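# Observations on the model geometry
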Amino acid sequence: MGKILAIILVSLFCEISIMAQILQPKEAAVIEIVYNKAVSIDTIGGNSFRETPMILRAGQTSSMFYPEKRMYIDSLNYYHNNAGLDLIADAMMRGEPTSNVTGWEDEFLFRNVRNNETMVTRHFATYHLGYIESTELPNWTIDTSRTKRILGYDCIYAACTYRGREWEVWFAPSIPLKEGPWKLAGLPGMVLWASDKGGQYVYTAESIKTRSIPDVGIYIYHRRNLDMMKNRQNYLRAIYNLVLKRKFLNEVSVYTDFKTSIKDEVPLYDLEETDFIH
């Protein structure tokens, strides 16, 4: 069944559209930070985490936040005749997790590249979804009495409630950019560590680069049409059903002997933003 499933999935991935890719540089980048993103996928047991390297590339007025491995695979497909798909297919045929090649994350965020807007896209299997919203930053409470040193930078503690979760972060005022991982921006300094209060989503800065960085902009090296959702709520519901409630796996079961159980369709964790009807 594994070989059949691999062939079906790769054939679905290979459906292309020459209009799908969006490459729009905006400005010079001044910093690039690699974060480790750890996501708890079992809020009952609490010991099961998925980790993926994520990159924040920021300029003076805009930023992009993306999964390093997924971007690499997409660019291989774009520039080298679907070479990234060959890597995925090889891993599947060997019975290895495709996450070894692609990582676990597939969501891209582009902030203030155009008109103070945030653009979010995610391509999961045969789906390529996105939405655009006005940039909305968290309302932070800063506690200057709490300090910590991260990667050689003196950091200050801050907290907020943002779109359904309580977050706590450490930010470095000596890096004078109001940026951070995901949507956790707007502080007077760079966020180098962040976690929601439940510890289900944790971002940890692992390295910082300030030279020889490509421009900030919108870089979508994907060959499937981007299905722009009407708003953030619709996007979150679609992702919740596809990924956490296993809609895609149920679709795959039509073509193979793979079957999901009722237990599979009960999510053990939620998205970073929980303020949507689900």
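Residues numbered from 1 in each chain as written. Predicted model: local features only at pLDDT ≥ 70, side-chain atom pairs only at ≥ 80, totals over all residues. Heavy atoms only, no water.

## What to know about empty space enclosed by the protein
- The final tally for this structure, using the stated rule, is four cavities of 30 Å³ or more.
- Taken as a whole, the second largest cavity encloses approximately 50 Å³ of empty space.
- Ranked by the residues each element gives to the lining of the second largest cavity, the list is headed by strand β5 (residues 107-111), at three residues.
- When its residues are assigned to classes, the lining of the second largest cavity shows six nonpolar, no polar and four charged. (1 Å grid on protein atoms, 1.4 Å probe; cavity = no way out; pocket = protein on both sides within 12 Å on 5 of 7 lines; lining within 4 Å. Points joined across faces, edges and corners; volume = space filled by probe spheres on them. Helix = DSSP H or I, 4+ residues; strand = E, 2+ residues; numbered from the N terminus. Nonpolar A, V, L, I, M, F, W, Y, C, P; charged D, E, K, R; others polar.)

## Remarks on the nonpolar core
- If you look at the biggest cluster of nonpolar residues, it comprises 50 residues, and the most contacted ones within it are Y35, F65, W167, W182, M190, L192 and Y203.
- Breaking this core down by element, the ones donating at least two residues are β2 (31-40), β3 (49-58), β7 (127-134), β9 (153-162), β10 (165-172), β11 (190-196), β12 (201-209) and α5 (232-244).
- Per-element accounting of this core gives the leading share, eight residues, to α5.
- With sequence-adjacent residues up to four places away left out, M190 is seen in contact with I31, I33, Y35, L56, W170, F171, A172, I175, L177, E179 and G180. (Core = buried A, V, L, I, M, F, W, Y, C linked by side-chain atoms within 4.5 Å. Buried < 20%, exposed > 50% of the residue type's maximum accessible area, 1.4 Å probe, protein only. Contact = heavy atoms within 4.5 Å.)

## Section: the sheet that holds β3
- Pairing in this open sheet of twelve strands is mixed, and the strands run β8-β9-β10-β11-β12-β2-β3-β4-β5-β6-β7-β14 from one edge to the other. The sheet is open, and its two borders are formed by β8 (141-150) and β14 (227-228), each paired with just one other strand.
- Along the sheet face, helix α2 (residues 68-79) touches β3, β4 (63-67), β5 and β6 (117-124) and points at about 90° away from the line of β4.
- On the sheet, α5 packs against β5, β6 and β7 and is oriented at approximately 150° with respect to β7. (Pairing = 2+ DSSP bridges. Axes fitted to C-alpha atoms, helices over the stretch in contact; angles between N-to-C directions.)

## Topic: the pairing of β11
- Of all seven residues that make up β11, six are buried, and the element is covered over most of its length.
- Both β10 and β11 contribute to a ladder of six bridges, which runs antiparallel. When the sheet's bridge partners are listed, V169 is paired in β11 with A194.
- In terms of strand pairing, β11 meets β12 through three bridges, oriented antiparallel. Residue pairing in the sheet places W193 in a bridge with T204 of β12.

## Quick look at the pairing of β7
- Relative to β7, β6 runs antiparallel, the two sharing eight bridges. Directly across from H123, in β7, lies its bridge partner H128.
- A loop of two residues connects β6 with β7, the two strands running antiparallel in sequence, and A125 in this loop sits at a positive phi of about 55°.
- Bridge analysis of β7 against β14 gives two bridges, and the strand direction is parallel. Within β14, the residue paired with L129 across the bridge is D227.

## So, the environment of K37
- Mapped onto the elements, K37 comes out in strand β2.
- A relative accessible area of 5% places K37 in the buried class.
- Taking C-alpha positions, K37 is 8.8 Å from E105, a pair spaced 68 residues apart along the chain.
- The contacts of K37, once residues within four sequence positions are left out, are R50, E51, T52, M54, E105, Y201, V202, Y203 and E272.
- Of note is the side chain of K37, whose polar atom sits 3.2 Å from the side chain of E105.
- There is a polar contact of 3.4 Å between the side chain of K37 and the side chain of Y203. (Polar contact = N/O pair within 3.5 Å; in protein donor to acceptor, adjacent residues only side chain to side chain.)

## Quick notes on the side chain of R111
- Looking at where R111 falls in the secondary structure, it is placed in strand β5.
- In terms of polar contacts, R111 uses its side chain to reach the side chain of E179, at 2.5 Å.
- Leaving out residues up to four positions away in the same chain, R111 has contacts with S62, S63, E117, T118, T135, L137, E179, G180, W182, K183 and A185.

## Some points on the confidence of the model for the protein
- Confidence along the protein averages 87 in pLDDT terms, with 84% of residues attaining 70 or more.
- Here residues 250-256 is modelled with pLDDT under 50, and outside its nearest four sequence neighbours on either side it reaches 13 contacts, counting other chains as well. (pLDDT = per-residue confidence, 0-100.)

## Observations concerning α5
- Look at α5: 17 Å from first C-alpha to last across 13 residues, which is about the 18 Å you get at 1.5 Å a residue.
- Listed as buried for α5 are R232, Y235, L236, A238, I239, Y240, L242, V243 and L244.
- One side-chain oxygen of the residue at the start of α5 lies 3.2 Å from the amide nitrogen of Q233, identifying that residue as N231. (Expected span 1.5 Å × (residues − 1).)

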